[in-house]
Amino acid sequence: KEFLDTHRIRYYSEHLTFCADEGHLYDLMPIPFTEEAAKYVAERIRRVQDILGRRIAMENASFYCPLSTEMDELAFINEVLESADCDLLLDINNVYVNSVNHEYDPYEFLRGLPRRRIAYGHIAGHSKEEGTLLIDTHGTDVVQAVWDLLAEAYRWFGGFPTLLERDSNIPSVEVLCAQLQCIRDFQKGEIGMGSNEAK
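Residues numbered from 1 in each chain as written. Predicted model: local features only at pLDDT ≥ 70, side-chain atom pairs only at ≥ 80, totals over all residues. Heavy atoms only, no water.

Draft legend 1. Layout of the overall build of the protein. Across its full length, the protein holds eight helices and nine strands. The C-alpha atoms of the protein give 17 Å as radius of gyration, which agrees with the globular expectation for 199 residues (16 Å, within 12%). If you line up the protein on its principal axes, its C-alpha atoms span 45 × 45 × 30 Å. Burial statistics for the protein: of 199 residues in total, 45% are counted as buried. When the accessible surface of the protein is summed, it comes to about 10,700 Å², and 51% of that surface belongs to carbon and sulfur atoms. Placing the 19 positive and 34 negative side-chain charges of the protein at their respective mean positions leaves the two points 8 Å apart. (Helix = DSSP H or I, 4+ residues; strand = E, 2+ residues; numbered from the N terminus. Rg over C-alpha atoms; globule rule 2.2 N^0.38 Å. Buried < 20%, exposed > 50% of the residue type's maximum accessible area, 1.4 Å probe, protein only. Areas by Shrake-Rupley, 256 points an atom, 1.4 Å probe, with all protein chains shown as cover. Lys, Arg positive; Asp, Glu negative; His and termini not counted. Charge placed at Lys NZ, Arg CZ, Asp CG, Glu CD.)

Draft legend 2. Inspection of the nonpolar core at higher detail. By size, the foremost hydrophobic cluster in this structure holds 47 residues, and its most contacted members are Phe-76, Leu-90 and Leu-113. Those elements that provide at least two residues to this core are helix H2 (35-52), helix H3 (73-84), strand E5 (87-91), helix H4 (92-101), helix H5 (106-111), strand E6 (118-123), helix H6 (144-157) and helix H7 (173-187). It is H6 that provides the largest number of residues to this core, a total of eight residues. The residues touching Leu-90, leaving out its near neighbours within four places in the chain, are Asn-60, Val-95, Leu-110, Leu-113, Ile-118, Tyr-120, Gly-121, His-122, Phe-157 and Phe-160. (Core = buried A, V, L, I, M, F, W, Y, C linked by side-chain atoms within 4.5 Å. Contact = heavy atoms within 4.5 Å.)

Draft legend 3. Region of the structure containing H4. Counting buried residues in H4 gives nine out of ten residues, a clear majority hidden from the surface. Within the span of H4, buried status applies to Ile-92, Asn-93, Asn-94, Val-95, Tyr-96, Val-97, Asn-98, Ser-99 and Asn-101. Its side-chain oxygen at 3.1 Å from the backbone nitrogen of Asn-93, Asp-91 defines the N-terminal cap of H4. Positive phi shows up at Glu-103, right after H4, with a value of about 55°. (Polar contact = N/O pair within 3.5 Å; in protein donor to acceptor, adjacent residues only side chain to side chain.)

Draft legend 4. Layout of the environment of Cys-182. The residue Cys-182 is located in helix H7 in this model. Given the relative accessible area of 0%, Cys-182 is considered buried. A sequence separation of 35 residues divides Cys-182 from Trp-147, and the C-alpha atoms of the two residues are 8.8 Å apart.

Draft legend 5. Just unusual backbone geometry, in detail. Unusually for a residue other than glycine, Arg-8 sits at a positive phi of about 50°. Mapped onto the elements, Arg-8 comes out in the loop between helix H1 (2-6) and strand E1 (13-15). The phi angle at Asn-169 is positive, at roughly 50°, despite the residue not being glycine. Tracing the backbone through its elements, the reader meets Asn-169 in the loop between strand E9 (162-164) and H7.

Draft legend 6. Looking closely at the pairing of E6. For E6, the buried fraction is high: six of the six residues fall into the buried class. With three bridges joining them, E6 and E9 adopt parallel strand pairing. Across the sheet, residue Gly-121 finds its bridge partner in E9, namely Thr-162. (Pairing = 2+ DSSP bridges.)

Draft legend 7. Highlighting H3. In this model H3 runs 16 Å from its N-terminal to its C-terminal C-alpha over twelve residues, within 8% of the 16 Å that 1.5 Å per residue would give. When we look at burial in H3, the residues that qualify are Glu-73, Leu-74, Phe-76, Ile-77, Val-80, Leu-81 and Ala-84. Buried residues of H3, seen end-on, are gathered within an arc of 165° and therefore sit on one face of the element. Here H3 starts with a cap whose side-chain oxygen sits 3.3 Å from the backbone nitrogen of Leu-74, and that cap is Asp-72. Of the residues trailing H3, Asp-85 is marked for its positive phi of about 55°. (Expected span 1.5 Å × (residues − 1). Arc of directions from axis to C-beta.)

Okay, structure coming up:
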């Protein structure tokens, strides 16, 4: 709390995942999509918000094998956001990756999210594995389908702040700056640019 206050940090965020079970797992594991889990997570988020004295943003995560399908991903996220009264860090690439891996419409998913809770966003690249499996790696250029989804998110929610994530295979500064300019153009409503123009 002192660090956030001292440095005037606008948002504190965390992944909507778990990474410990009687020991640290060193990965972001999907939380079971159940009412019980949603209530448990929401209570923990409220505790953190009480301690920090501010709302935090939870990030929708990529996942490859759901631990439970009592609820779908969208219903689970919305239940947590509402019960915890927290914000959402909207990761556009994760929406796209999950939509391909779990066969749902990413545009429908976007429209099902609460506009008033969008704090900021992430955009990144992913890797294609065998068949149609996509893995969220942050190690490749953003693909056109993800640029298109970002443009739709801005149309739907407005031009929220957005971070370009790149963790490996780092391209030149010029390439990164061109991709950042694409984000700025999209935010201003100058739709039409995409990953091909960013290279």
